[in-house]
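# Understanding the architecture of this molecule
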Amino acid sequence: MSKQNALICSKTGQEYSINDLRWKSEADAPLNIRFMPTFDKNVIRMRSANMWRYREALPISFDTNIVSFGEGATPLQTLELGTKKLILKLDFMFPTGSYKDRGASVLVSKMKELGIKHAIMDSSGNAGAAIAAYCAKAGILLDVYAPESTSSAKLTQIIAYGANLKLIKGTRQDATFAALEAIENKNSYYASHAYNPFFFQGTKTFAYEICEQLGWKAPDTIILPAGNGTLIIGAYIGFRELLKAGITTKIPKIIGVQVAACAPLYQAFTQELLHIPNIEIGKSYAEGLMVATPVRGMQIIQYVELTGGYFLAIDEEEIKEKTLFLTKKGYFVEPTSAAVFAGACEYMKIATDDEVVVSVLTGSGLKAENAISEMIKT
Ligand SMILES: Cc1ncc(COP(=O)(O)O)c(C=O)c1O
């Protein structure tokens, strides 16, 4: 019984069917998934270059339910920083322009499998655009709650894909509150990238791809964004599965990057708190990192700690400088991605010469054209 696939309460361990429509447990806590993936390298090698090549590691029962644009298998590129080499995974190269498509593809496939016709979610823009695109392909109606300050390109994408956009006055957190209220009232499915555990079953393919691209080896260190931690949690799950399957011998150290204007995880970690503190948020170019109360905050910290990693907090000048630096290298990415790159550059100062360090460029600059254009002028 305990080996069956299941949804598991992150607080009490209570188990639910993997096909239960619930998005949180009876103890009001986020759910995790128990699922035993398998990897046959010879079979994987023969398949198309996309994230569904790891089919037996993705918890969708029937192929007919897969909602996919053939996404994934994004390039790894090496960037020289002085004498050191940083490897970047180009995860802005996805159908909707951000790595959120990894999570959206698996989550919306599961929604199709569950027969869901209407869903609600909240987003700072990219997850909303990604889930809206996959819902459009699957024929599922979606309401997206996003803060008014969201970049206009992301809002246009959400509307263009046919989702019902609900603009919320206030912060990213206010958009979550509005979505939660709507969930209670409409009794709809919560397709939240922060809560819904199927999203992480998609972002975990980030780990599989890096591992395969490095010759089925885990890197020493990975430097990732830490907003709602969808990539950190997914990457940790993915590397843990590869280790358990005997494919690799370690889980890389994870460095989580936040911005100084909104650094609840950094604060909790450095002050050794047992909870996520209430923080005052400032203004930042990095809209994807403006998450004051990450619902899985302690889980993110636990995973980072288990790998011997830590958190960094990047200031606005650095974000601006690194956004423009990356454009001069030919990478037109969102300031949110440049913040993570700034964290990677900071880490590289202490990396050893032979350390294999991988970071990620998460979102296309076309989504933040206004902000980047302002940066160029000033
Ligand atoms: C481009 C981009 N990068 C990074 C993040 C941070 O994401 P997370 O910490 O949830 O992986 C976001 C979140 O919206 C984003 O849009």
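Predicted model only: the values in this text are computed from it and were never measured. (Residues numbered from 1 in each chain as written. Predicted model: local features only at pLDDT ≥ 70, side-chain atom pairs only at ≥ 80, totals over all residues. Heavy atoms only, no water.)

### Brief notes about helix H11 (residues 316-328)
Two residues of an α-helix separated by three or four positions point the same way, owing to the 3.6 residues in each turn. Condition: Helix numbering and strand numbering both begin at the N terminus, where a helix is a DSSP run of H or I of at least 4 residues and a strand a DSSP run of E of at least 2. An expected span of 1.5 Å times one less than the residue number is assigned to each helix. Note on classification: 1.4 Å probe, protein chains only; a residue is buried when its accessible area is under 20% of the maximum for its type, exposed when over 50%, partly exposed between these limits. We call two residues in contact when some of their heavy atoms are within 4.5 Å.
For H11, spanning 13 residues, the distance from its first C-alpha to its last is 19 Å, which sits close to the expected 18 Å at 1.5 Å a residue. By the burial criterion, the buried members of H11 are Ile 319, Lys 320, Lys 322, Thr 323 and Leu 326. Structurally, H11 contributes buried residues whose contacts are with strand E11 (253-259), strand E12 (310-314), helix H12 (335-348) and helix H13 (369-377). Gly 330, located one to two residues past H11, shows a positive phi value of around 95°.

### Structural notes on the side chain of Lys 320
What counts is decided by this rule: For the purpose of charge, His is not counted, nor are the chain termini; Lys and Arg are scored as positive and Asp and Glu as negative. One side-chain nitrogen of Lys or Arg within 4 Å of one carboxyl oxygen of Asp or Glu is enough to make a salt bridge. Think of a polar contact as two N or O atoms within 3.5 Å of one another; within protein, one of them needs to be a possible hydrogen donor and the other a possible acceptor, and neighboring residues in sequence only count if both atoms come from side chains.
Examined against the element boundaries, Lys 320 turns out to sit in helix H11. Among buried charged residues, Lys 320 stands out as having no salt bridge; its nearest opposite-charge side chain is Glu 317, 4.9 Å away. One polar contact links Lys 320 to Thr 378, side chain to side chain, over a distance of 3.1 Å. Those residues in contact with Lys 320 that sit more than four places away from it in its chain are Tyr 285, Met 375 and Thr 378.

### Considerations on the site of the ligand
So the rule is basically this: A cutoff of 4 Å decides nearness: a residue is near a molecule or strand if any of its heavy atoms lies inside that distance of it. Per-residue and other accessible areas follow the Shrake-Rupley method at a 1.4 Å probe size, with only the shown protein chains counted as cover for residues. Residue classes follow a fixed rule: Ala, Val, Leu, Ile, Met, Phe, Trp, Tyr, Cys and Pro count as nonpolar, while Asp, Glu, Lys and Arg count as charged, and any other residue, Gly among them, counts as polar. The split of the chain into domains comes from an automatic or database domain assignment.
In the vicinity of the ligand lie 16 residues, with Tyr 99, Asn 126, Gly 227, Gly 229 and Thr 362 positioned nearest. With respect to the ligand, the backbone of Asn 228 contributes an N or O atom lying 3.2 Å from an oxygen atom. Its free accessible area being 400 Å², the ligand has 98% of it covered by the protein chains. For the shell around the ligand, the residue count by class is four nonpolar, 10 polar and two charged. In this structure, the shell around the ligand is formed jointly by two domains, domain 2 (76-98 + 198-377) and domain 3 (100-197), each of which donates at least three residues.

### Let's talk about the domain arrangement of the protein chain
The condition is simple: Summed over both partners, the accessible area (1.4 Å probe) lost when two parts come together is defined as the buried area.
Assigned domains of the protein chain: these are domain 1 (1-34), domain 2 (76-98 + 198-377) and domain 3 (100-197). Here domain 1 and domain 2 have C-alpha centroids that lie 28 Å from each other. Across the contact, six residues belong to domain 1 and five residues belong to domain 2. Here domain 1 meets domain 2 over a buried area of about 440 Å², counting both sides, of which 57% is carbon and sulfur. Three residues, Pro 30, Asn 32 and Ile 33, lead the burial of domain 1 against domain 2; their summed loss comes to 74% of the area buried on that side. On inspection of domain 1 and its partner domain 2, the count reaches zero salt bridges. Joining domain 1 to domain 2, the criterion identifies three residue pairs in polar contact (both at pLDDT 80 or more). In terms of residues, the side of domain 1 that touches domain 2 owes the most to one element, strand E3 (residues 31-34), which gives three residues. Residue classes in the side of domain 1 that touches domain 2 are distributed as five nonpolar, one polar and no charged.

### Points about unusual backbone geometry
Here Asp 28, not a glycine, exhibits a phi torsion of approximately 65°, which is positive. Following the sequence through the fold, Asp 28 ends up in the loop between strand E2 (15-17) and E3. Phi is positive for Trp 216, close to 60°, though the residue is something other than glycine. Assessed through its relative accessible area of 15%, Trp 216 is described here as buried.

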